[in-house]
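# Structural description and commentary
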Amino acid sequence: MVHADGHNFPGSDPNPHMNKFAFGCAIVASIISIIFGYDTGVMSGAQIFIRDDLKINDTQIEVLAGILNLCALVGSLAAGKTSDVIGRRYTIALSAVIFLVGSVLMGYGPNYPVLMVGRCIAGVGVGFALMIAPVYSAEISSASHRGFLTSLPELCISLGILLGYVSNYCFGKLTLKLGWRLMLGIAAFPSLILAFGITRMPESPRWLVMQGRLEEAKKIMVLVSNTEEEAEERFRDILTAAEVDVTEIKEVGGGVKKKNHGKSVWRELVIKPRPAVRLILIAAVGIHFFEHATGIEAVVLYSPRIFKKAGVVSKDKLLLATVGVGLTKAFFIIIATFLLDKVGRRKLLLTSTGGMVFALTSLAVSLTMVQRFGRLAWALSLSIVSTYAFVAFFSIGLGPITWVYSSEIFPLRLRAQGASIGVAVNRIMNATVSMSFLSMTKAITTGGVFFVFAGIAVAAWWFFFFMLPETKGLPLEEMEKLFGGGGPRGDRDGLEIQTKTISILEVSHKSFSQLKK
């Protein structure tokens, strides 16, 4: 990347070609997101059949839908520390196992309590998946392709949601007792696929550096880089950001002993953060808050009810209209993955949020007209178009950018725990919307709820405008400077670390050449 004055950012990646190995790793890691998306989307239609089979009421449906996100809150908070201890790779494997157990229990589901237990276990897996997939993708990506690779988990969530909607339509034609159980239980199969795929995935080189395993980190950096020079440059930036002190290097199998600064990650992140880290945390928490406070979960989870309020009465037509929501979401996220590294995060985010304001307002008006004057052909058409427009604007910006942005802005030492805080806020808001939407529609009408979402979207636009700078093309190790920081421990200490780090790389230059061969 280049400054306005024409100088290159250190560590920027001038190579326009995407590394195929890094792309493959990001794809495998994103499979876990397909499972989460499927669990979210399939509940949209499955709840119709669960209500009829288990004879449960609206409150129980709200709890069943929302409990996934409350349990995901627990999973996301645990995932940060877990990934720092056992590594990014095995954290993905752990989340797959948790999903597998939850899916089997939901597919069995003889009664409401067992179904709830399965949903809770799957929710813990959701928390792990939402935190680890974007972080892993960001840590193996080069700066020039990080937006694309880090947005793959969000794309896979959308594909999973679409598959859930299609599953609703297909399995909905089976018997009442069998149909919804197959909808929920079939999610176990992708978990098995991931269990095999994980064996071919390398560990994050940034995590390996944090563990002092430099030799392994160098080997993987060569694999995920296009040239020897790029690998060296990225490795130098990682060592600097990780605050490796070369005065304490021990040549034991290529490892290092890092200086322990005696500072808790949570202390640096929450209790006494540096000014730049405080701004980063506010940005991450804010974007996760607004992603769901603007109402996307209400549309994804309750779209059949929204279309029914608008005047669509046939069960088949309701499910088909819901499939349209999934198709729209997947299509526009695919477009977003190719625009993130060209247009940039900020422009897409502001355009996306502005479009959401107009779509939500239009949807609120059409639903209010139906509520007051009965079924109107133009209001029905407008509500469907507005719903699709809202999903499209969300999916081309706020949806994928939330995960890309929050996984790339934290300093290396704080990244996993910082990302877990963002996911925790995300799940709290998701649960709040999913567990209160039906109650709110009864209190202030469906149209009134979407007027509230439109107002929140306006606040979101202003927050993004003032608090979120552009990160396109900037190396992960430079993010703190973007928010006003001077490196891991300030400009002076950072310069000393970088000077020492260069001496490591001069000594290990030959090893890179040997590894490349």
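Residues numbered from 1 in each chain as written. Predicted model: local features only at pLDDT ≥ 70, side-chain atom pairs only at ≥ 80, totals over all residues. Heavy atoms only, no water.

### Examining unusual backbone geometry
Our working definition: Numbering of helices and strands runs from the N terminus; a helix is a DSSP stretch of H or I covering at least four residues, while a strand is a stretch of E covering at least two. Between buried and exposed lies partly exposed: a residue is buried under 20% and exposed over 50% of the maximum accessible area for its type, with that area taken using a 1.4 Å probe on protein chains only.
In this structure, Lys-55 takes a positive phi of about 55° despite not being glycine. By the element assignment, Lys-55 lies in the loop between α1 (20–54) and α2 (58–86). Its relative accessible area of 68% is what places Lys-55 among the exposed residues. Unlike most non-glycine residues, Thr-445 shows phi in positive territory, near 75°.

### Examining the pattern of salt bridges
To keep it simple, the criterion reads: We count a salt bridge whenever a side-chain nitrogen from Lys or Arg sits within 4 Å of a carboxyl oxygen from Asp or Glu.
Counted under the stated rule, the structure contains 14 salt bridges. Across the pair Arg-181 and Asp-53 runs a salt bridge whose closest N-O atoms are separated by 3.1 Å. Of this pair, Arg-181 sits in helix α6 (residues 176–185) while Asp-53 sits in helix α1, placing them 128 residues apart in sequence. This pair shows no difference in class: Arg-181 is buried, exactly as Asp-53 is.

### Some thoughts on the packing of α1 against helix α4 (residues 112–140)
Formally: Comment: axis = line fitted to C-alpha atoms, over the contacting stretch for helices; angle = value between 0 and 180 degrees taken between N-to-C directions. Comment on the angle field: the value is read as roughly parallel under 35 degrees, roughly antiparallel over 145, roughly perpendicular from 65 to 115, and oblique elsewhere. By definition, any crossing whose near helix is turned counterclockwise from its far helix by less than a right angle is left-handed, and any crossing with a clockwise turn is right-handed. When checking whether two residues touch, look at their non-hydrogen atoms; a contact exists if any pair is within 4.5 Å. Under the scheme applied here, ten amino acids are nonpolar (Ala, Val, Leu, Ile, Met, Phe, Trp, Tyr, Cys and Pro), four are charged (Asp, Glu, Lys and Arg), and all others, including Gly, are polar.
The interhelical angle for the contact between α1 and α4, taken along N-to-C directions, is 155°, at an axis separation of 9 Å. With respect to α4, the axis of α1 lies roughly antiparallel. For the pair α1 and α4, the crossing hand works out as left-handed. Residues Ala-22, Cys-25, Ala-26, Ala-29, Ile-32, Ser-33, Phe-36, Asp-39, Met-43, Ile-50 and Leu-54 of α1 touch α4, and the partners they reach there are Tyr-112, Leu-115, Arg-119, Ala-122, Val-126, Ala-129, Leu-130, Ala-133, Tyr-136, Ser-137 and Ile-140. Class assignment of the residues belonging to the contact of α1 with α4 gives a composition of 18 nonpolar, two polar and two charged.

### Some thoughts on the environment of Leu-182
By the secondary structure assignment, Leu-182 is in helix α6. For the pair formed by Leu-182 and Ser-167, sequence separation is 15 residues and the distance between their alpha carbons is 8.8 Å. When residues no more than four places from it in sequence are discounted, the contact partners of Leu-182 are Tyr-38, Phe-171 and Leu-174.

### A short note on the packing of aromatic side chains
Short version of the rule: The pairing test for Phe, Tyr and Trp rings, Trp by its six-membered ring, is centres within 6.5 Å, and the orientation test on the planes gives stacked under 30 degrees, edge-to-face over 60, and tilted for anything in between. Two limits define a charge over a ring: the Lys NZ or Arg CZ must be within 6 Å of the ring centre, and within 35 degrees of the ring normal.
On inspection of all chains with the given rule, the structure shows 14 aromatic pairs. Ring geometry for Trp-462 against Phe-466: centres 5.9 Å apart, planes inclined by 20°, an arrangement best described as stacked. Separated by four residues within a single helix, Trp-462 and Phe-466 lie in helix α18 (residues 415–467), roughly one turn from each other. Taking relative accessible area as the criterion, Trp-462 reaches 47% and is therefore assigned partly exposed. The class for Phe-466 is exposed, based on a relative accessible area of 59%. Linked through ring pairs, Phe-289, Phe-290, Phe-463 and Phe-464 together constitute an aromatic cluster. Here the guanidinium or amino end of Arg-346 rests over the ring plane of Phe-465, the centre of that ring lying 5.1 Å away.

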